[in-house]
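A look at the structure
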Amino acid sequence: MTAGRVGPDDVVGQRGGEGVVDLRPVVRVGAPTERRNPHSTDLDLMSTRDVLTVINDADRRVPAAVAAVLDEIAVTVDLAVTALRGGHRVHYFGAGTSGRLGVIDAAELAPTFNSPRGWFCAHLAGGPDAMWQAVEDAEDDLAGGAGEAAGCVSAGDLVVGLAASGRTPYVLGALDAARQRGAATVLLCANPEVRAAAGVDVVIGVDTGPEVVTGSTRMKAGTAQKLVLNTFSTAVMVRLGRVYSNLMIDMVATNAKLRGRMISILIEATGCSEEVSRRALHEADGDLKTALVSLLSGAGIDAARAALARTAHQVRGAIALLAS
């Protein structure tokens, strides 16, 4: 990575026929995502079908690249589980596509797993408006990232920085401030060569290589980050007992489809009829976990609810307790 300011004799813009000197900082990023992809150099000359083929062929590299960093993701999952079990939080700090993906992942955990409000907190450079449009220079705000982290991160939290290049100032500022406050820190990027590696506990550097459109990290790099975040947060929910077998037992039934899914889950997990499953869910006041424990253990609703309370709402633990 090389960086430098525009010199006083460099004309970087034109207005009204007169030279205009732009003295804002200029950074030339040397991350793999900024290099040219030799397979797409004639992209603008290709047919529509060939453009799609080139993009699809490139996308096929992403799952293998994510598979290569599963060990690092596993360490991150364990850090998150430790933080959440200790009453702490997980934070995502990101900018641009990376930050938006963090917002999406955090937002989806409550309806899918009924995760408590505040477990996962997403912070986006430029604030909420940056979800819809680019906020100029927001990602370059090192002090802004540090200040935001200093204002909300506590010792024992986990902070995950999201930056395709691995060098976004807003993200690095947040990670540095979080580390100073005693939080565990992780950097998720598409740059295995990242220089910030020495400053965080875990680096998840997904080697997605050059983009089909040079530097457009909304493509392979963004896909990789989406896959990693899905993998990470889902595994955290599994480890925290919010999945039984492969069923969403902590979901929030906010519409007719999801209310039907609750019945289907009870039928699948217990082998009971739809009528029995509906009755149990009704008696449990719509609490799927309580109904599930009651049907699997044969215990009454009140006993199932009490067992869940004594076992940190772990279904298997509650069943074992009732069996003993």
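Refer to the structure printed above.
Calculation rules
- Residues numbered from 1 in each chain as written.
- Predicted model: local features only at pLDDT ≥ 70, side-chain atom pairs only at ≥ 80, totals over all residues.
- Heavy atoms only, no water.
- Core = buried A, V, L, I, M, F, W, Y, C linked by side-chain atoms within 4.5 Å.
- Buried < 20%, exposed > 50% of the residue type's maximum accessible area, 1.4 Å probe, protein only.
- Helix = DSSP H or I, 4+ residues; strand = E, 2+ residues; numbered from the N terminus.
- Contact = heavy atoms within 4.5 Å.
- Polar contact = N/O pair within 3.5 Å; in protein donor to acceptor, adjacent residues only side chain to side chain.
- Patch = residues over 30% accessible without salt bridge, like charges linked within 9 Å, V, L, I, M, F, W, Y side chains within 5 Å.
- Areas by Shrake-Rupley, 256 points an atom, 1.4 Å probe, with all protein chains shown as cover.
- Salt bridge = Lys/Arg side-chain N within 4 Å of Asp/Glu carboxyl O.
- Lys, Arg positive; Asp, Glu negative; His and termini not counted.
- Charge placed at Lys NZ, Arg CZ, Asp CG, Glu CD.
- Axes fitted to C-alpha atoms, helices over the stretch in contact; angles between N-to-C directions.
- Left-handed = near helix turned anticlockwise from the far one by under 90°.
- Nonpolar A, V, L, I, M, F, W, Y, C, P; charged D, E, K, R; others polar.
- Pairing = 2+ DSSP bridges.
- Right-handed = clockwise from strand over helix to strand, strands pointing away.

By size, the foremost hydrophobic cluster in this structure holds 35 residues, and its most contacted members are Y92, F120, L158, I204, V206, F232 and V236. Sorting the residues of this core by element identifies α2 (61-67), α3 (70-85), β5 (90-94), α4 (96-113), β7 (158-162), β8 (184-189), β9 (202-205) and α7 (220-239) as the ones contributing at least two each. In this structure I204 touches V69, E72, I73, T76, V186, L187, L188, C189 and V228, once residues within four positions along its chain are discounted. Listed in part, the 22 residues of the second largest apolar core include A284, V293, I301 and L308.

Of note, the phi angle at S245 is positive, near 60°, even though the residue is not glycine. Position of S245 relative to the elements: it lies in the loop between β10 (243-244) and β11 (247-248). Phi is positive for A312, which is not a glycine, with a value near 55°. Mapping A312 onto the fold places it in the loop between α11 (301-310) and α12 (315-323).

What follows deals with helix α10 (residues 288-297). In terms of burial, α10 is a largely internal element, 7 of the 10 residues being buried. Buried within α10 we find L288, K289, T290, A291, L292, V293 and S294. Buried residues along α10 sit against β10, β11, α8 (256-270), α9 (274-283), α11 and α12. Its side-chain oxygen 3.1 Å from the backbone nitrogen of K289, D287 forms the N-cap of α10. Phi turns positive one or two residues past the end of α10, at G298, with a value near 85°.

A grouping of D137, E139, D140 and D141 is seen on the molecular surface, where their side chains present a negatively charged patch. Mapped onto the fold, D137 is located in the loop between β6 (120-124) and α5 (142-152). Its relative accessible area of 44% is what places D137 among the partly exposed residues.

Once that is clear, we can look at the packing of α5 against helix α6 (residues 169-180). Orientation of α5 relative to α6, taken along the N-to-C sense of each, is 35°, at an axis distance of 6 Å. As α5 runs across α6, the sense of the crossing is right-handed. Contacts from L142, G144, G145, A146, E148, A149 and A150 in α5 reach P169, Y170, L172, G173, A174, A177 and A178 in α6. Looking at side-chain class alone, the contact of α5 with α6 contains 10 nonpolar, 3 polar and 1 charged residues.

Put simply, side chains in a regular strand alternate between the two faces of the sheet. Of all 5 residues in β7, 5 are buried, a share of seventy percent or more. Here β7 shows no split at all, with L158, V160 and L162 on one side and V159 and G161 on the other all buried. Of the strand pairs in this sheet, β5 and β7 are connected by 5 bridges, and their pairing is parallel. Looking across to β7, one finds that V90 is bridged to L158. Across 5 bridges, β7 lies against β8 in parallel orientation. Bridging from a neighbouring strand, V160 pairs with V186 of β8. One crossover worth recording links β7 to the parallel β8 by way of α6, and it is right-handed.

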